[in-house]
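Structure at a glance
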Amino acid sequence: MSPPVAPPGWSRWLVPPAALSVHLSIGQAYAWSVFKPPLESALGLSGTQSALPFQLGIVMLGLSAAFGGTLVERNGPRWAMTVALVCFSSGFLLSALGAATEQYWLIVLGYGFVGGIGLGIGYISPVSTLIKWFPDRPGMATGIAIMGFGGGALIASPWSAQMLESFGADSSGIALAFLVHGLTYAVFMLLGVLLVRVPRTEKPVDSGPSVLAGPQVSANQAIRTPQFWCLWIVLCMNVTAGIGILKKAAPMITDFFADTSMPVSVTAAAGFVALLSAANMAGRIAWSSTSDLIGRKNIYRVYLGVGALMYALIALFGDSSKPLFVLCALVILSFYGGGFATVPAYLKDLFGAYQVGAIHGRLLTAWSTAGVLGPLIVNWIADRQEEAGRHGAALYGMSFVIMIGLLVVGFVANELVRPVHPRHHVPAPKEAAHVQRHQSESA
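Let us look at the structure shown here. (Residues numbered from 1 in each chain as written. Predicted model: local features only at pLDDT ≥ 70, side-chain atom pairs only at ≥ 80, totals over all residues. Heavy atoms only, no water.)

For the rest of this paragraph, the subject is the pattern of salt bridges. Summed over all chains, the structure comprises 7 salt bridges. Here Glu 40 makes a salt bridge to Lys 36, at a shortest N to O gap of 3.6 Å. Here Lys 36 and Glu 40 lie together in helix 2 (residues 36–43), a separation of 4 residues that amounts to about one turn. Residue Arg 296 pairs with Asp 292 through a salt bridge whose shortest N-O separation is 2.7 Å. Taking the relative accessible area as the measure of exposure, Arg 296 reaches 9% and is therefore buried. Exposure remark for Asp 292: the relative accessible area of 24% places this residue in the partly exposed category. Look at the salt bridges and you will find they share partners, linking Arg 12, Asp 136 and Arg 137 into a network. (Salt bridge = Lys/Arg side-chain N within 4 Å of Asp/Glu carboxyl O. Helix = DSSP H or I, 4+ residues; strand = E, 2+ residues; numbered from the N terminus. Buried < 20%, exposed > 50% of the residue type's maximum accessible area, 1.4 Å probe, protein only.)

Listed below in structure tokens is the structure:
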């Protein structure tokens, strides 16, 4: 299932839409909260139980990306997109069966486990190919695709809510909504499968420097370098700080202003969540494109350093000014999205494009860790503070101090990143032979 090599004259600008079709689809994961209340009502679940499919999906995203990254590099983006299509759509179909029969374990298995594999393989499927097509602007290219993952919920949330309103919020209505999701996303992702192309052995026209210029490092060697683990810490800290707000956004802004003369309504809190999603999406393309101009290390200094400042402003003055609270939260979420979109280009800068997709897959285990760590910090501390009789902004003060500390740790890790030692580089003749063999197999 290797993708066809692009014919002469093929426009490299056709590749980002192929990647975007996959990422917009799997970005539905951020809209899982739409299904939580109906599932709790229809199947008698607790809030923790109804969150399990999403949490398992994020864990499987990191694991499948880590273990499947080498297969994606070996078999190419068309194979990876096909696997993502089958797993992600099958996950919805299994979930539809689980909802129809009121067997919740099937929803967990389908959406969380099977669908989570589709999330991971689909997330990394276009990264290496985009970098090869855009060696001159890798941040922008990967930002366009990964922007889709952040923006997928902006489409999926109202669409899912409308289906539940039309079909009903009982088990049969949820099942029908899952079924429509699975079939629709299969068709949409198929567009990416059919459209994706790999560049020919020569560099793309007008693409600037060769994609294989400079040192190249294999995935197995990359995880033996301190640079990989420094970036692992950088990504984990940045994601933890962002997801800590994202997953508790509505109750957080409500609590912050509950004791003021202008409390936040439910509708306003929902609007705040939508704004955060938009900032998450916009940051993925805006900040990753900026990194092509100022450099990857500098942009992460902004993410981590300014992010810590934003958290400090919220902790000190957030409950006295709604505009300040909202602005700081939007900046943090834009850095959250930008961190995801910029890291593939950072990896390419350090390790080359040789096996950057596989390296990226291994690095995404930092996301799985942060996906558990961020909400755990904010929720656990808020619960303990509430038990101690505190309320309002006081529920989150300690959490924000911890987040500032984590961002400082990430900042230091970013400062420790240096060029990879030559002993880890792939010998040039071996690299050339591998690339030539891979292109021959693709053809």
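Here helix 3 (residues 47–75) is 29 residues long and its end C-alpha atoms lie 40 Å apart, about the 42 Å a rise of 1.5 Å per residue gives. Where helix 3 ends, the next residue or the one after it, Gly 76, has phi of about 95°, a positive value. (Expected span 1.5 Å × (residues − 1).)

It is worth spelling out the packing of helix 10 (residues 226–246) against helix 15 (residues 356–363) at this point. Put simply, helix 10 and helix 15 touch, their axes get as near as 10 Å, and they point 50° apart. When the axis of helix 10 is compared with that of helix 15, the two are oblique. Helix-helix and strand crossings are classified by hand; for helix 10 and helix 15 the assignment is right-handed. Two secondary-structure elements touch here, helix 10 through Phe 228, Leu 231, Trp 232 and Leu 235 and helix 15 through Ile 359, Arg 362 and Leu 363. Of the residues contributing to the contact of helix 10 with helix 15, the split by class is 6 nonpolar, no polar and 1 charged. (Axes fitted to C-alpha atoms, helices over the stretch in contact; angles between N-to-C directions. Parallel < 35°, antiparallel > 145°, perpendicular 65-115°, else oblique. Left-handed = near helix turned anticlockwise from the far one by under 90°. Contact = heavy atoms within 4.5 Å. Nonpolar A, V, L, I, M, F, W, Y, C, P; charged D, E, K, R; others polar.)

A word on the nonpolar core. Soluble globular proteins: nonpolar side chains tend toward being buried together. Ranked by internal contacts, the top residues of the largest apolar core, which has 120 residues, are Tyr 123, Phe 178, Phe 256, Tyr 336, Phe 340, Phe 351 and Trp 367. Element by element, the count of residues in this core is highest for helix 14 (residues 322–351), at 14 residues. Grouped together as the second largest cluster of nonpolar side chains are 10 residues, Ala 6, Ala 19, Leu 130 and Trp 133 included. (Core = buried A, V, L, I, M, F, W, Y, C linked by side-chain atoms within 4.5 Å.)

On the surface, a cluster of nonpolar side chains totalling about 390 Å² of accessible area is made up of Leu 93, Phe 167, Leu 176, Leu 179 and Leu 183. It is helix 8 (residues 171–195) that contributes the most residues to the nonpolar patch, 3 residues altogether. Residue placement: Leu 176 occurs in helix 8. A relative accessible area of 36% places Leu 176 in the partly exposed class. (Patch = residues over 30% accessible without salt bridge, like charges linked within 9 Å, V, L, I, M, F, W, Y side chains within 5 Å. Areas by Shrake-Rupley, 256 points an atom, 1.4 Å probe, with all protein chains shown as cover.)

Here Gln 216 lies in the loop between helix 8 and helix 9 (219–222). Overall, Gln 216 belongs to the buried group, its relative accessible area being 1%. Considering only alpha carbons, one finds Gln 216 and Phe 134, 82 residues apart in sequence, at a separation of 17 Å.

Structurally, Ile 117 can be placed in helix 5 (residues 104–124). When the C-alpha positions of Ile 117 and Gly 68 are compared, they lie 9.2 Å apart, and in sequence the two are 49 residues distant. The residues touching Ile 117, leaving out its near neighbours within four places in the chain, are Met 60, Ser 64 and Cys 87.

Our next topic: the packing of aromatic side chains. In this structure the tally under the stated criterion is 31 aromatic pairs. Where Phe 92 meets Tyr 111, the ring centres are 5.5 Å apart and the plane angle is 80°; that geometry is what we call edge-to-face. Of this pair, Phe 92 sits in helix 4 (residues 77–101) while Tyr 111 sits in helix 5, and the two are 19 residues apart along the sequence. Between Tyr 300 and Tyr 303 the ring centres are 4.9 Å apart and the planes differ by 80°, which places this aromatic pair in the edge-to-face class. Taken as a pair, Tyr 300 and Tyr 303 lie in helix 13 (residues 296–317) at a separation of 3 residues, close to a single helical turn. Look at Tyr 303 and you get buried, because its relative accessible area is 0%. Feature note: the residues Trp 32, Phe 35, Phe 88, Phe 92, Tyr 111, Trp 159, Phe 178 and Tyr 185 constitute an aromatic cluster, connected by ring pairs. Taking NZ or CZ as reference, Lys 322 lies 5.8 Å from the ring centre of Phe 257, over its face. (Phe/Tyr/Trp six-rings, centres within 6.5 Å; stacked < 30°, edge-to-face > 60°. Lys NZ or Arg CZ within 6 Å of the ring centre and 35° of its normal.)

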